[in-house]
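What follows is the residue order along each chain.
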Amino acid sequence: MNASFKIVWLWTDVTLWLMFAIGSLYVWSVRRNEALSGTWRRVFANPAAMASAVVLLAMLTVAALDSLHFRRALPDRAGATQGFDTRTESVLDVLVARLPASRENSYSMPLATHGFAKETLAANAASKAPAESAASAAAAQATPQPAALPKRAFPRLQHGGANLKDTDKDWLGDVMSLAAQGLAGGLASAGVLWLLTRRQMRRNADLPWRAALVTMAIFMALAGLAVAWSAHYHVLGTDRTGNDVLYQSLKSVRTAFVIGSLATIATLPLAMAFGITAGYFKGWADDLIQYLYTVLSSVPNILLIAACVLMMQVYLDKHPELFETGLERADLKIFLLCVILGVTGWAGLCRLLRAETMKLRELEYVQAATAFGVSHWRIMLRHIMPNVMHLVLITTVLEFSGLILYEAVLSYVGVGVDPSMNSFGGMINQARVEMSRDPVVWWSFMAAFVFMVGIVLAANLFADAVRDAFDPRARVQRPRLFKPPVADQAT
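In what follows, the accompanying structure is described. Fair warning: this is a prediction, and the values are worked out from it, not measured in the lab.

Calculation criteria
Residues numbered from 1 in each chain as written. Predicted model: local features only at pLDDT ≥ 70, side-chain atom pairs only at ≥ 80, totals over all residues. Heavy atoms only, no water. Helix = DSSP H or I, 4+ residues; strand = E, 2+ residues; numbered from the N terminus. Buried < 20%, exposed > 50% of the residue type's maximum accessible area, 1.4 Å probe, protein only. Areas by Shrake-Rupley, 256 points an atom, 1.4 Å probe, with all protein chains shown as cover. Lys, Arg positive; Asp, Glu negative; His and termini not counted. Salt bridge = Lys/Arg side-chain N within 4 Å of Asp/Glu carboxyl O. Contact = heavy atoms within 4.5 Å. Axes fitted to C-alpha atoms, helices over the stretch in contact; angles between N-to-C directions. Parallel < 35°, antiparallel > 145°, perpendicular 65-115°, else oblique. Nonpolar A, V, L, I, M, F, W, Y, C, P; charged D, E, K, R; others polar. Phe/Tyr/Trp six-rings, centres within 6.5 Å; stacked < 30°, edge-to-face > 60°. Lys NZ or Arg CZ within 6 Å of the ring centre and 35° of its normal. Pairing = 2+ DSSP bridges. Core = buried A, V, L, I, M, F, W, Y, C linked by side-chain atoms within 4.5 Å.

## Overview of the overall build of the protein chain
What the protein chain contains, in helices and strands, is 20 helices and 5 strands. Taking all 491 residues of the protein chain together, 41% fall into the buried category. Entry remark: accessible area of the protein chain is about 27500 Å², with carbon and sulfur atoms responsible for 65%.

## Comments concerning the side chain of glutamate 328
Positionally, glutamate 328 belongs in helix α13 (residues 326–344). No salt bridge is formed by the buried glutamate 328; the nearest opposite charge belongs to arginine 71, separated by 4.8 Å. Among residues more than four places away in sequence, those in contact with glutamate 328 are Val8, Leu10 and Phe323.

## Concerning the packing of helix α1 (residues 11–32) against α13
At a closest axis distance of 8 Å, the pairing of α1 and α13 adopts a crossing angle of 50°. Considering their axes alone, α1 and α13 lie oblique with respect to each other. On α13, the residues touching Trp11, Thr12 and Thr15 of α1 are Asp331, Leu332, Ile334 and Phe335. A breakdown of the residues in the contact of α1 with α13 according to their chemical character gives 4 nonpolar, 2 polar and 1 charged.

## Details of the packing of aromatic side chains
The full count for this structure, using the stated rule, is 15 aromatic pairs. A centroid spacing of 5.5 Å and a plane angle of 55° characterise the contact between phenylalanine 257 and phenylalanine 400, whose relative ring orientation is tilted. A residue pair is termed long-range when its members are at least 10 positions apart, and phenylalanine 257 in helix α10 (residues 245–281) and phenylalanine 400 in helix α17 (residues 389–413) qualify at 143 residues. We note that phenylalanine 257, like phenylalanine 400, is buried. Among the aromatic residues, ring-to-ring pairing joins Tyr26, Trp40, Phe44, Phe462 and Phe470 into one connected group. Between the NZ or CZ atom of arginine 361 and the centre of the ring of tyrosine 280, over which it lies, the distance is 5.3 Å.

## Topic: the pattern of salt bridges
Charged atoms that come close allow side chains of opposite charge to pair. Summed over all chains, the structure comprises 15 salt bridges. Between aspartate 418 and arginine 329 there is a salt bridge, with its nearest N and O atoms 3.2 Å apart. Pair noted here: aspartate 418 is in the loop between α17 and α18 (424–434) and arginine 329 is in helix α13, with a separation of 89 residues, a long-range link. Judged by its relative accessible area of 9%, aspartate 418 falls in the buried class. Across the pair aspartate 468 and arginine 467 runs a salt bridge whose closest N-O atoms are separated by 3.7 Å. The exposure class of aspartate 468 is buried, given its relative accessible area of 10%. Each of Asp13, Arg254 and Asp331 takes part in one network of salt bridges that share partners.

## Considerations on the pairing of strand β2 (residues 69–72)
Each regular strand carries side chains that alternate between the two faces of the sheet. In terms of strand pairing, strand β1 (residues 5–8) meets β2 through 4 bridges, oriented antiparallel. Note on β2: the bridge partner recorded for isoleucine 7 is phenylalanine 70. With 2 bridges connecting them, β2 and strand β3 (residues 89–90) associate as antiparallel partners. The residue of β3 that forms the bridge with histidine 69 is serine 90.

## Remarks on the sheet that holds β2
Pairing between the strands of a sheet is mediated by backbone hydrogen bonds and can be parallel or antiparallel. Read from one edge to the other, the open sheet built from 3 strands follows the order β1-β2-β3, with strand pairing classed as antiparallel. The strands lining the two open edges of the sheet, one partner per strand, are β1 and β3.

## Notes on the side chain of threonine 396
With respect to the helices and strands, the residue threonine 396 is situated in helix α17. Setting aside residues no more than four positions away along its own chain, threonine 396 makes contact with Thr264 and Leu268.

## So, the nonpolar core
The nonpolar side chains of a soluble globular protein tend to be buried, and buried together. Counting 57 residues, the largest nonpolar core has Val43, Trp229, Val253, Phe424, Phe462 and Val466 as its most contacted members. Put simply, the parts of the chain that give this core at least two residues each are α2 (34–44), α3 (47–65), α7 (167–196), α9 (209–230), α10, α17, α18 and α19 (443–470). Considering every element that reaches this core, the biggest residue donor is α19, with 15 residues. Membership of the second largest hydrophobic core comes to 24 residues, among which are Leu16, Ala263, Val415 and Met421.

These results come straight from atomic positions and should not be treated as a statement about function.
Next up, the structure:
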């Protein structure tokens with residue numbers, strides 16, 4: 001029996017799902033550890049962190065759906081082996097299949113029914129709906145009419161507002177009707193989620209669930225609007241080649257999470273090994289590692305990363321036989337880019353771990369282990385490393401948002417992800433020309449800006465709460481806006 005599809009495992013897919021599995025194991029260990037559980041409760045006791053967690057969880061769901069890839073089977077032929085389509089799709093592509101299918105000819109504004117630039121059209125062509133074009137053409141052939149002169153007008157979109165007969169009269173009512181349906185569906189979904197999680201909220205009444213519910217309601221309402229409008233319109237417009245901007249933004253979420261998470265994880269092995277070794281052994285090992293990361297820090301990161309990316313690009317161009325599809329080549333490039341970012345960005349964390357290890361090395365329990373003859377490597381693994389993991393966790397969360405912005409800069413200068421892969425940096429790079437034309441094509445840049453700021457802002461707020469909870473020296477007493485009731489004070 002022939003399979004209807006073939007699962008495709010990309011390098012970044014395997015790495016992301018492995019990280020999800022490790023994260024699940026960490027959550028399970030936190031629930032069994034009372035001390036860690038109490039620390040994480042302090043993180044989620046912050047309303048901003050709780051709201052940010054909802055946003056990050058939603059974006060992480062989009063990235064996970066976009067990390068399940070497959071290739072559809074081609075129609076069977078007698079006596080031939082089964083073949084598969086050269087185009088690789090994801091589960092997210094299936095869920096939003098209408099967005100890439102509703103491709104236009106060129107630019108169009110958000111929720112528009114006509115193109116953004118004028119074209120030379122036959123008379124009355126701009127006012128005809130797509131459904132009426134065939135009937136009008138047949139009637140024109142049957143009835144002899146004088147030849148109509150072409151004119152410059154905004155062309156009617158093939159998919160945007162195709163359900164409307166008179167765009168001038170029906171557009172506003174249709175948009176408002178779809179908006180009401182989308183808002184109602186989104187808020188109803190938020191209510192269902194609230195009912196499903198109400199028992200858990202009662203068990204943990206000390207957490208700021210109101211912030212999470214408000215954020216979830218806003219997010220679900222916006223999602224409902226997008227789903228309702230995208231049935232007949234381009235919610236965020238189209239780009240120069242007519243591709244839907246909302247689809248590009250959703251696909252760019254996975255790229256941002258891949259860069260932010262994989263590049264951060266790639267820095268940990270070198271930073272932890274060199275930092276703990278330098279702080280524990282001191283002497284010539286400390287001098288050598290200090291010299292190494294000082295030299296690395298003195299080289300501009302952009303130049304170093306650009307040189308590594310260009311060498312990697314030459315190797316990929318000379319070995320096209322290694323890849324079956326273009327997506328596999330683009331995916332390996334972004335995976336190697338994360339490795340390059342990790343190899344060149346470990347110096348900051350290494351300094352922190354070196355200083356913390358030098359302090360821990362002089363404590364009594366480490367000195368006692370040394371006096372009892374415990375080996376150095378065992379001391380570093382059992383006594384030093386567990387006591388510096390809070391710094392690793394804090395640095396990892398803080399650098400996540402910085403690397404997302406770094407990807408935008410690299411793609412802007414042309415040494416980032418492959419141009420065939422959607423990314424916020426690529427969208428901003430394309431918008432560089434669009435923002436300089438007249439009239440300005442602003443929606444591609446605005447979509448990338450809003451999505452990227454939303455992810456980075458949520459990551460920064462969550463990182464601040466993690467730092468305050470795991471590092472007691474960084475905690476700041478924030479004034480309460482409302483004083484608790486007298487009865488609660490007495491309790």
